[in-house]
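Structure at a glance
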Amino acid sequence: MQAINKIKDTWVNLKIDQVDTDQIFPGEFLKISTKEGLGKYAFYDRRYDENGEPNSDFVLNQYEKMPQVLVAGKNFGSGSSREHAVWCLKDLGFSVIIAPSFADIFKNNAYNNGLLVIELPQSRVASLWGKPQDSIVSISLADQTVSTDSWKASFAINAYKKECLLKGLDDIDYLLNIASEIASWEKEKGGDDNLN
Amino acid sequence: MADTLYDKIWNQHLVKTIPEGPGVLYIDQHFIHEVSSPQAFRSLEERGQRVRRPDRTLAVADHNVPTWNQHLPIKEEMSRKQVALLEENCKKHGVMLYGLGHPLQGIVHVVGPETGITQPGMTIVCGDSHTSTHGAFGTIAFGIGTSEVEMVLASQCMMQYKPKQMRIRLDGKLPKGCTSKDVILFLLAKLTASGGTGHFIEYAGEAIQNMSMEERMTICNMSIELGARGGLIAPDETTFAYMKGRQFAPKGLAWDEKLRGWQTLFSDAEAQFDLEYQFDISNLSPRITFGTNPGQGIAIDQPIPKADQLNNETDAEQHQQALDYMDLRAGMSLSDFPLDEIFIGSCTNARIEDLRQVAQIWKGRKVDPNLRINLVPGSSQVAAQAEEEGLAAIFSAAGVQMRQAGCSACLGMNEDKVRKGAYCLSTSNRNFEGRQGPGARTFLASPMTAAASAITGKITDPRDWVRD
Ligand code: SF4
């Protein structure tokens, strides 16, 4: 996993609440059994019309090079646990998603892939939505801040997750390291059979 | 100290706590399926690891399978490859697979409970959000992403923060023509699709105690639609009676011993919850959704709310977007609204009890021949039982051939998609844009509402159709 700390870039406004993972990565493409190259399917039903032509009204189609930051509405990533939703957003080039709130599973999936999700109050999100398209936002994970030319906000993040993201470590490395502890715990629970 | 049911199970499975970090939670049972596991297996192999506890892992093929002619090779190439990859991974790692053709194959959340693999007090995960279903047995069960699937394959553990806890008490008696699906759709309309975010929900109260296991599973299943991590219900005599004699349930002395443990699984009287709600369901009406998230629902005999009847402006905006997608208007009634398709299936409502309700309404009647109806049992066992009980014969006399088990039209990834622009009344759990296929428009409702509507071809209040 890649470490993440400071990001400075323009951003994409996705002014929609309750963007569920079925919209982010339609079920049709779940047949793909790899993680790579999924960006072209992100928001597929919104990005392309029936004939597979890009729909120019949709905001993601208005960028030649995708900024690293996405600013979305509340309860982003609700619904299905499909991690493809995170993989495809990363593949599009996003490193940070800012929204008033995120669905729990999506948030975990994001952290496990080094995608930083930041919860800011609705008013801050709305103020980002209101800014001109070439504005710049700066994010520092170490300082837990998001700032623009006119304001600075801090965000909360779990200390352990922050550490993992800053170092690019994942939970699996940790768990593999304590394999013997897990084994003795299993034994101590009275021979494995007594475990539920 | 007074503990909640969740606390008790959590404490029994906590391997260790990382200072100022998450807990390491031991997982008793890991279910996997073809869609959310291939990348996990690959990555596991890239790390040079093997599945740590194949005996605590069970695989099914359900999401991406056809529901006709399951004995033939899968036609669609990508689907065929994905299912084959699951077989290959299971073989390599010694994991039991209920694949196509296996008598126990079915939707993972139907298979676990009906085989007795799901047992009270367990921790259960699966790379599928509706893992919350298993909570009906008094388990901590929740959906995980693929990285987490890999984590559990590698270590049989998960890094978890303890969620906040909510309790919803449901009192009163479920009225005729209403099911537990109507209860959860009602809760969704009350609390919204994000009302449970960050929480695990315990359902309690007289109405829950009076529910069958099937009914309880429907409620816990859709906890995820409330935004919750999961839902659970304290096991009781109904739970134990359901479990007894099931294939993988403990037998003899082992049963007695397990039972003693299970009987301690309840929230202590003094236990504290972060949030509590109480509702009386005695006057509930059958429910239906009109929008594109499961919280956007109404009683079947009520008009679609107008924007000014909603809580705030963002809700109003979302409301309008949903109505535009559904091509419906605020203020209109959905009663008698013409349908194109009906889907009776999914891990929410395709258990034997659901099929019995449908049969009860269809018996001696014909469905509207203009409708496309997908009737899909939740598992091969459910299908076999439906044959045995004569339900399948009732279905075919009514004009519908029961399909074979799988997720089917619940999600638009296998062959059974809802057509673009079509209105489909579904017993499944999600009405998201495009969920059942690109451009598909979904109304969520109970199996009884689906059964009555199948006869008339229009959205129909089942209360007039239920026989005493
Ligand atoms: S039936 Fe639907 S909700 Fe249930 S596991 Fe299958 S796809 Fe998911």
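You'll find the structure just up there.
Residues numbered from 1 in each chain as written. Chains lettered and ligands numbered in written order. Predicted model: local features only at pLDDT ≥ 70, side-chain atom pairs only at ≥ 80, totals over all residues. Heavy atoms only, no water.

Things to note about the overall build of chain A
Scanning chain A from N- to C-terminus turns up 8 helices and 8 strands. Its C-alpha atoms give chain A principal-axis dimensions of about 60 × 45 × 25 Å. Going through the 196 residues of chain A one by one, you find that 59% of them count as buried. Carbon and sulfur atoms make up 46% of the accessible area of chain A, which totals about 8100 Å². If the 21 positive side-chain charges of chain A are averaged to one point and the 28 negative ones to another, these points end up 6 Å apart. (Helix = DSSP H or I, 4+ residues; strand = E, 2+ residues; numbered from the N terminus. Buried < 20%, exposed > 50% of the residue type's maximum accessible area, 1.4 Å probe, protein only. Areas by Shrake-Rupley, 256 points an atom, 1.4 Å probe, with all protein chains shown as cover. Lys, Arg positive; Asp, Glu negative; His and termini not counted. Charge placed at Lys NZ, Arg CZ, Asp CG, Glu CD.)

Quick look at the sheet that holds strand E12 (residues 275-280) of chain B
Residue and element names in this part refer to chain B. Spatially, E11-E10-E9-E12 is the arrangement adopted by the 4 strands of the open sheet, whose pairing is parallel. The outermost strands of the open sheet, each flanked by one partner alone, are strand E11 (230-232) and E12. The average undirected angle you get between the axes of adjacent strands in this sheet is 20°. Sheet analysis places strand E9 (residues 164-171) next to E12, joined by 6 bridges and oriented parallel. Bridge pairing in E12 places Asp171 opposite Asp280. Contacting E9, strand E10 (199-204) and E11, helix H1 (residues 5-13) crosses the sheet at an angle of about 105° to E11. (Pairing = 2+ DSSP bridges. Axes fitted to C-alpha atoms, helices over the stretch in contact; angles between N-to-C directions. Contact = heavy atoms within 4.5 Å.)

Some remarks on the side chain of Ser285 of chain B
All names here are of chain B. Of note, Ser285 is situated in the loop between E12 and strand E13 (287-289). Here Ser285 falls in the buried class, since its relative accessible area comes to 14%. At 3.4 Å, the side chain of Ser285 and the side chain of Arg463 are in polar contact. With residues up to four places along the chain from it excluded, the contact list for Ser285 reads Cys178, Asp182, Ala299, Asp301 and Arg463. (Polar contact = N/O pair within 3.5 Å; in protein donor to acceptor, adjacent residues only side chain to side chain.)

What to know about the site of the ligand
Residues and elements named next belong to chain B. Near the ligand, the surroundings consist of His63, Ile107, His109, Asp128, His130, Ser346, Cys347, Cys407, Cys410, Leu411, Asn429 and Arg435. Taken together, the residues of the shell around the ligand break down into 5 nonpolar, 5 polar and 2 charged. Counting residues domain by domain, the shell around the ligand receives three or more from each of domain 1 (5-275) and domain 2 (289-464). (Near = heavy atom within 4 Å. Nonpolar A, V, L, I, M, F, W, Y, C, P; charged D, E, K, R; others polar. Domains from an automatic or database assignment.)

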